[in-house]
Amino acid sequence: MSVTIEFGRHGTLCPWTRDDTRDLPEGFRCEIEDGNLLVVNSPVPEHQYVANRLMRLLNDAAEDAGLLRRRPG
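What counts as what
- Residues numbered from 1 in each chain as written.
- Predicted model: local features only at pLDDT ≥ 70, side-chain atom pairs only at ≥ 80, totals over all residues.
- Heavy atoms only, no water.
- Helix = DSSP H or I, 4+ residues; strand = E, 2+ residues; numbered from the N terminus.
- Buried < 20%, exposed > 50% of the residue type's maximum accessible area, 1.4 Å probe, protein only.
- Contact = heavy atoms within 4.5 Å.
- Areas by Shrake-Rupley, 256 points an atom, 1.4 Å probe, with all protein chains shown as cover.
- Salt bridge = Lys/Arg side-chain N within 4 Å of Asp/Glu carboxyl O.
- Pairing = 2+ DSSP bridges.
- pLDDT = per-residue confidence, 0-100.
- Expected span 1.5 Å × (residues − 1).

Undergrad: What's the story with the overall build of the chain in this structure? I'm lost.
TA: For the chain, the count of helices and strands is 1 helix and 2 strands. Within the chain, buried positions represent 10% of all 73 residues. Within the chain, contacts between residues separated by at least 24 positions form 9% of all contacts whose residues are at least 6 apart in sequence. Put simply, the chain shows about 6,700 Å² of open surface, and 53% of that area lies on carbon and sulfur atoms.

Undergrad: I keep staring at the environment of Glu31 and nothing clicks. Help me out?
TA: With respect to the helices and strands, Glu31 occurs in strand β1 (residues 29-33). For the pair formed by Glu31 and Thr21, sequence separation is 10 residues and the distance between their alpha carbons is 8.9 Å. If sequence neighbours within four positions are ignored, Glu31 has contacts with Asn36, Leu37 and Leu38.

Undergrad: Would you take a moment to explain the pattern of salt bridges for this structure?
TA: With the rule as written, the count across this model stands at 1 salt bridge. The salt bridge involving Arg22 is made with Asp19; its shortest N-O contact spans 2.5 Å.

Undergrad: What is the right way to look at the pairing of strand β2 (residues 36-40) in this model?
TA: A regular strand carries its side chains on alternate faces of the sheet. Pairing of β1 with β2, which is carried by 5 bridges, proceeds in the antiparallel orientation. Bridge pairing in β2 places Cys30 opposite Val39. Counting the residues in the hairpin turn of β1 and β2 gives 2 residues, including Asp34, whose phi is positive at 55°.

Undergrad: I'm lost on the confidence of the model for the chain in this one. Help?
TA: Parts of the model with low pLDDT should not have their predicted coordinates read in detail. Mean pLDDT over the chain stands at 80; residues scoring 70 or higher make up 79%. The secondary-structure element of the chain with the lowest mean pLDDT is β2, recorded at 81, while helix α1 (residues 45-64) shows the highest, at 95.

Undergrad: Sorry, what's going on with unusual backbone geometry here?
TA: The bulk of non-glycine residues show a negative phi, and the bulk of peptide bonds are trans. One non-glycine residue, Asp34, adopts positive backbone phi at about 55°. Along the chain, the position of Asp34 falls in the loop between β1 and β2.

Undergrad: What should I look at first to understand α1 in this one?
TA: Because an α-helix completes one turn every 3.6 residues, residues spaced three or four positions apart along the sequence face the same direction. Counted at 1.5 Å a residue, the expected span for α1 with its 20 residues is 28 Å, and the 29 Å between its end C-alpha atoms agrees. Of the residues trailing α1, Gly66 is marked for its positive phi of about 80°.

Undergrad: What is the right way to read the environment of Cys14 from this model?
TA: Within the fold, Cys14 resides in the segment before β1. Cys14 gets classed as partly exposed once you look at its relative accessible area, which sits at 35%. The sequence separation of Cys14 and Gly35 amounts to 21 residues, and the corresponding C-alpha distance is 8.2 Å.

Here is the structure:
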């Protein structure tokens, strides 16, 4: 699902800057890529769970391979 949100600023002649994002409404995940404002949805809880699980698995594998130091405890 996509939603168009008008923030009153657009076009290639007026690229977005970091300072411009300070005036945006709260609750949006925004990124600037090549001067374009990207507004993305927050990930659903299932996505966060899978991402965190994958991160733990990759960290454990890197530690087992000697690429990372073991965490204390």
